[in-house]
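Survey of secondary and tertiary structure
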Amino acid sequence: MSNTNTFKPVRVKHLTIGEGKPKICVSLTGHRTEQIIEEAHTLKLADIDMVEWRVDFFEQVEQLDQVTYTLERIRDILPSTPLIFTFRSAKEGGQCELSSNYYVELNQAIAATGEVDLIDVELFNEETAIQQLITIAHEHNTFVIISNHDFQQTPPKEELISRLSRAQQLGADITKIAVMPQSSSDVITLLDATNTMKEQHADRPMITMSMAGKGMISRLTGELFGSAITFGAIQKSSAPGQVPVSDLRSILSLLHANL
């Protein structure tokens, strides 16, 4: 069965996500505003395509005015870099938890600033909250990634496809899943699910990865199997198995040249 859906890449500033080589994203993970500003200056000089602010690392995440202030500082330094705003919950590998009400309020407020290009919303939130966030984001020309992370295991192929399909049905502009391999077979499961999703179901870009050292290969082969963004590291990685950006760029280019 082939995918007869019309595939819609996502165009963010100068980038087209879902075409060509996977785009390289690096996360800001500072705990305080001054650390984040320093990291942003480092990323300005790096050979990357996108930046993600992992706001769950930020000590003042529960003070909305400080989050907004820090976001403005990031934008001052990186005015034209596509920027993802992500609060990753502790249950999905993040640094802390927020109340569900504040999680929605935070993402709504940031989407409404127009200062970020994408927000990351976790799949296992209330459906009404997800729909609310998508509506607000789209009103402010902000794209939505709907994501799921399993730091314990790799679910079966059918479950991976089911979660990606569910994110797509809910209205994600980009779908995302990251899983932990216990074996090389688990890595193959993730790649196989990604490939089947690409060939049979996906009508928009997706991001998939198998984490840790075992899964590193999945961060490199997105162009072949169907993952549109890969997360690299410059100083500190935000998830296990991230590849240094300079190595990532050269490997992606090598693979691209031979496809």
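Above this text you will find the structure in question.
All of the points below concern the structure found in this document. (Residues numbered from 1 in each chain as written. Predicted model: local features only at pLDDT ≥ 70, side-chain atom pairs only at ≥ 80, totals over all residues. Heavy atoms only, no water.)

Regarding its fold elements, the protein chain presents eight helices and 11 strands. Since a compact globule built from 259 residues should have a radius of gyration of about 18 Å, the 17 Å found for the protein chain is in line with a globular shape. Considered along the principal axes of its C-alpha atoms, the protein chain spans approximately 50 × 40 × 35 Å. Looking at the protein chain as a whole, 54% of its 259 residues qualify as buried. Within the protein chain, residue pairs in contact and separated by at least 24 positions form 73% of the contacts whose partners lie at least 6 positions apart. Within the structure as shown, the protein chain displays about 11100 Å² of accessible surface, and the carbon and sulfur contribution to it stands at 49%. The distance from the centre of the 22 positive side-chain charges to the centre of the 33 negative ones in the protein chain is 5 Å. (Helix = DSSP H or I, 4+ residues; strand = E, 2+ residues; numbered from the N terminus. Rg over C-alpha atoms; globule rule 2.2 N^0.38 Å. Buried < 20%, exposed > 50% of the residue type's maximum accessible area, 1.4 Å probe, protein only. Contact = heavy atoms within 4.5 Å. Areas by Shrake-Rupley, 256 points an atom, 1.4 Å probe, with all protein chains shown as cover. Lys, Arg positive; Asp, Glu negative; His and termini not counted. Charge placed at Lys NZ, Arg CZ, Asp CG, Glu CD.)

This next bit is on the packing of aromatic side chains. Overall, the coordinates contain three aromatic pairs when judged by the stated rule. Each ring, one from Trp-53 and one from Phe-85, has its centre 5.8 Å from the other, and the planes form 80°; the classification is edge-to-face. In this pair, Trp-53 is assigned in strand E4 (residues 50–54) and Phe-85 in strand E5 (residues 83–86), connecting sequence segments 32 residues apart. Through a chain of ring-to-ring contacts, the aromatic side chains of Trp-53, Phe-58 and Phe-85 assemble into a single cluster. (Phe/Tyr/Trp six-rings, centres within 6.5 Å; stacked < 30°, edge-to-face > 60°.)

Three or four residues apart is the spacing at which side chains of an α-helix point the same way, because the helix has 3.6 residues per turn. Compared with an ideal rise of 1.5 Å per residue, which puts 13 residues at 18 Å, helix H8 (residues 245–257) spans 18 Å between its outermost C-alpha atoms and is within 8% of the ideal. Those residues of H8 lying buried are Val-245, Leu-248, Arg-249 and Leu-252. Along the long axis of H8, the arc covered by the buried residues comes to 100°, so they all point the same way. Projecting away from the buried face of H8 at angles above 90 degrees are the exposed residues Ser-246, Leu-254 and Ala-257. Contact partners of the buried residues in H8: strand E3 (23–28), strand E10 (229–233) and strand E11 (243–244). (Expected span 1.5 Å × (residues − 1). Arc of directions from axis to C-beta.)

As a further point, take the nonpolar core. Ranked by size, the top nonpolar core spans 46 residues in total, and within it Trp-53, Val-55, Phe-85, Leu-106, Ile-119 and Ile-146 carry the most contacts. If you tally residues by element for this core, the top one is helix H3 (residues 100–113), at six residues. Beyond its immediate sequence surroundings of up to four residues, Phe-85 is in contact with Trp-53, Val-55, Val-67, Leu-106, Asn-107, Ile-110, Val-116, Leu-118, Ile-119 and Asp-120. Listed in part, the 18 residues of the second largest apolar core include Val-12, Met-50, Leu-118 and Met-180. (Core = buried A, V, L, I, M, F, W, Y, C linked by side-chain atoms within 4.5 Å.)

On the secondary structure map, Gly-171 appears in the loop between helix H5 (157–170) and strand E8 (174–179). Among the residues examined, Gly-171 registers a relative accessible area of 22% and is labelled partly exposed. Separated by 27 residues in sequence, Gly-171 and Val-144 have C-alpha atoms that sit 8.3 Å apart. In this structure Gly-171 touches Ile-134, His-138 and Arg-204, once residues within four positions along its chain are discounted.

These figures capture arrangement, not role.
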